[in-house]
Amino acid sequence: MTQQGTLGVAVIGTGKMGADHVRRVDQVISGARVTAVVDIDAGRAKDLAVRIDGCTAYSDPAAAMAAPDVDAVLIASPGPAHEAALLQAFEHDLPVLCEKPLTPDSASALRILQAEQRLGHRRVQVGFMRRYDTEYMKLKALLDSGGLGRPLLMHCRHRNASVHSYFTNEMLINDSVVHEMDCARWLLGQEITAVTVLRPTPNSHAPEGLSDPQLVLFETDGGAIVNVEMFATCGFGYQVQAEAVCERGTARIGEAHDLMTNTAGRWGGDIAPDFVVRFEEAYDREVQRWVDATRRGETEGPSAWDGYAAAAVCEAGVRAQATGERTLVELIERPALYR
Ligand code: ISE
């Protein structure tokens, strides 16, 4: 660690999330500084690095991880590049915050689980940022307190204003519904055992070939059922809502009732435009907690097991989507390191 125990962080990947994390570590988070920025586009990395004191630009993640001023790694490159970067980080025994997905499929996620078990301790926190959102944290605490009794159902809505023209049906599961998969597992403390996907006649505003919206159902090993309305082209803004229906009551989050106005004969409030805005505080808290835990020599938060389980549920989801059939999730037994 560098001066006064400040954590030197290498940010790998400088797309939308990576660039936002560089800004966050540089300007928002305490106890850490960006000492390396890595991108296969060397010019892009350099543009970001020159704006930060003591920050070096790299185009090769391995070179950054070998640098003496790099104590920890934040991976925000595209999913297919994660496995190699994670394994390189393990070689140096560096703590990692890895944006979702851990890796793009369960076979590669399993290789990460195995490699981390060979290290003998947890090193990876997966970037499921909703777990750090104030409302989600309140819902989790309420469900864990048992005050509402056993959760029976969850209704979730996940709406994006729009998506790129290259957004596919598989991405709808792997990039978007994956958040509900993680939240359902975490909130309920249960594993998802089966997935069913139903598709109404598509929105005429959806990109060619994208069947949007879709209704995704999860069944869990605790007997709960979760339904997710995934609507990636709703047009009006970004909305993420969840309602738990329990034996003694219900609890709902995501209504965004913070500022209501009355004017010109109408009442209303604002809807966030996208996830960077909606979950800004959650991202800040996620990265701050990662830095704090890392400086204490600990690893917390969503683990590589959570990344693997999400990948396995996504695989079942993509199969269910293609076949229209209820599809079972195939999971290995949870290794001792993750219990
Ligand atoms: C995106 O990748 C995200 O992670 C967002 O949270 C999600 O709302 C969006 O649908 C995904 O494309």
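Attention here is on the structure that accompanies the text. Just so it is clear, the structure is predicted and the values come from calculations on it, not from any experiment. (Residues numbered from 1 in each chain as written. Predicted model: local features only at pLDDT ≥ 70, side-chain atom pairs only at ≥ 80, totals over all residues. Heavy atoms only, no water.)

1. So, unusual backbone geometry
- Look at the link from Lys100 to Pro101: it is a cis peptide, with omega at 0 degrees.
- By secondary structure assignment, the location of Pro101 is in the loop between β5 (96–99) and α5 (106–119).
- A cis geometry characterises the amide bond from Asp212 onward to Pro213, with omega recorded as 5 degrees.
- In this structure, Pro213 sits in the loop between β8 (192–198) and β9 (214–220).
- The backbone of Asp93 sits at a positive phi, close to 55 degrees, despite the residue not being glycine.
- In this fold, Asp93 is placed in the loop between α4 (82–91) and β5.
- By relative accessible area, Asp93 is classed as partly exposed at 29%.
- Within the chain, Ala264 stands out as a residue other than glycine whose phi angle is a positive 50 degrees.
- By relative accessible area, Ala264 is classed as exposed at 77%. (Helix = DSSP H or I, 4+ residues; strand = E, 2+ residues; numbered from the N terminus. Buried < 20%, exposed > 50% of the residue type's maximum accessible area, 1.4 Å probe, protein only.)

2. A few points about the site of the ligand
- Around the ligand, a shell composed of Lys100, Met129, His158, Asn160, Phe167, Asp175, Ser176, His179, Tyr238 and Phe275 is seen.
- For the ligand, an oxygen atom lies 2.6 Å from a polar atom in the side chain of Asn160.
- Taking 300 Å² as the accessible area of the ligand by itself, protein coverage stands at 88%.
- Among the elements that make up the shell around the ligand, the one with the highest residue count is helix α7 (residues 169–188) (three residues).
- Residue composition of the shell around the ligand, by class: four nonpolar, four polar and two charged. (Near = heavy atom within 4 Å. Polar contact = N/O pair within 3.5 Å; in protein donor to acceptor, adjacent residues only side chain to side chain. Areas by Shrake-Rupley, 256 points an atom, 1.4 Å probe, with all protein chains shown as cover. Nonpolar A, V, L, I, M, F, W, Y, C, P; charged D, E, K, R; others polar.)

3. Quick look at helix α6 (residues 134–145)
- With twelve residues, α6 extends 16 Å from end C-alpha to end C-alpha; this agrees with the ideal 16 Å at 1.5 Å per step.
- Where α6 is buried, its residues meet β7 (151–159), α7, β11 (239–246) and β12 (249–253).
- In the segment just after α6, Gly146 is the residue with positive phi, at about 80 degrees. (Expected span 1.5 Å × (residues − 1). Contact = heavy atoms within 4.5 Å.)

4. Focus on the sheet that holds strand β6 (residues 124–127)
- With parallel pairing, the six strands of this open sheet are ordered in space as β3-β2-β1-β4-β5-β6. Edge strands, defined here as strands with exactly one partner in the open sheet, are β3 (56–58) and β6. Shown here is a sheet whose adjacent strand axes are inclined to one another by a mean of 25 degrees, direction ignored.
- Across three bridges, the pairing between strand β4 (residues 72–75) and β5 is parallel. (Pairing = 2+ DSSP bridges. Axes fitted to C-alpha atoms, helices over the stretch in contact; angles between N-to-C directions.)

5. Describing the pairing of β4
- Of the two faces of β4, the one lined by Ala72 and Leu74 and the one lined by Val73 and Ile75 are each fully buried.
- Where strand β1 (residues 7–12) and β4 come together, four bridges link them in parallel fashion. Residue Ala10 lies in a different strand from β4, and its bridge partner there is Val73.
- At this point the chain moves from β4, through α4, to the parallel β5, and the crossover so formed is right-handed. (Right-handed = clockwise from strand over helix to strand, strands pointing away.)

6. Quick look at the sheet that holds β11
- Spatially, β12-β11-β7-β10-β9-β8-β15 is the arrangement adopted by the seven strands of the open sheet, whose pairing is mixed. In this open sheet, the two strands that pair with only one neighbour each are β12 and β15 (327–328).
- Bridge analysis of β11 against β12 gives five bridges, and the strand direction is antiparallel. Residue pairing across strands places Ala244 opposite Ala251, the latter belonging to β12.
- Sheet strands touched by helix α10 (residues 304–323): β8, β9 and β15. Its angle to β8, the strand with the most contacts, is close to 30 degrees.

7. Digging into the environment of Ser145
- Tracing the backbone through its elements, the reader meets Ser145 in helix α6.
- For the pair Ser145 and Pro213, spaced 68 residues apart in sequence, the C-alpha to C-alpha distance is 34 Å.
- One polar contact links the side chain of Ser145 to the main-chain amide nitrogen of Gly147, over a distance of 3.1 Å.

8. Overview of a nonpolar patch on the surface
- Taken together, the side chains of Leu152, Leu153 and Ile225 present a nonpolar region at the surface, about 210 Å² in accessible area.
- Along the chain, the position of Leu153 falls in strand β7. (Patch = residues over 30% accessible without salt bridge, like charges linked within 9 Å, V, L, I, M, F, W, Y side chains within 5 Å. Salt bridge = Lys/Arg side-chain N within 4 Å of Asp/Glu carboxyl O.)

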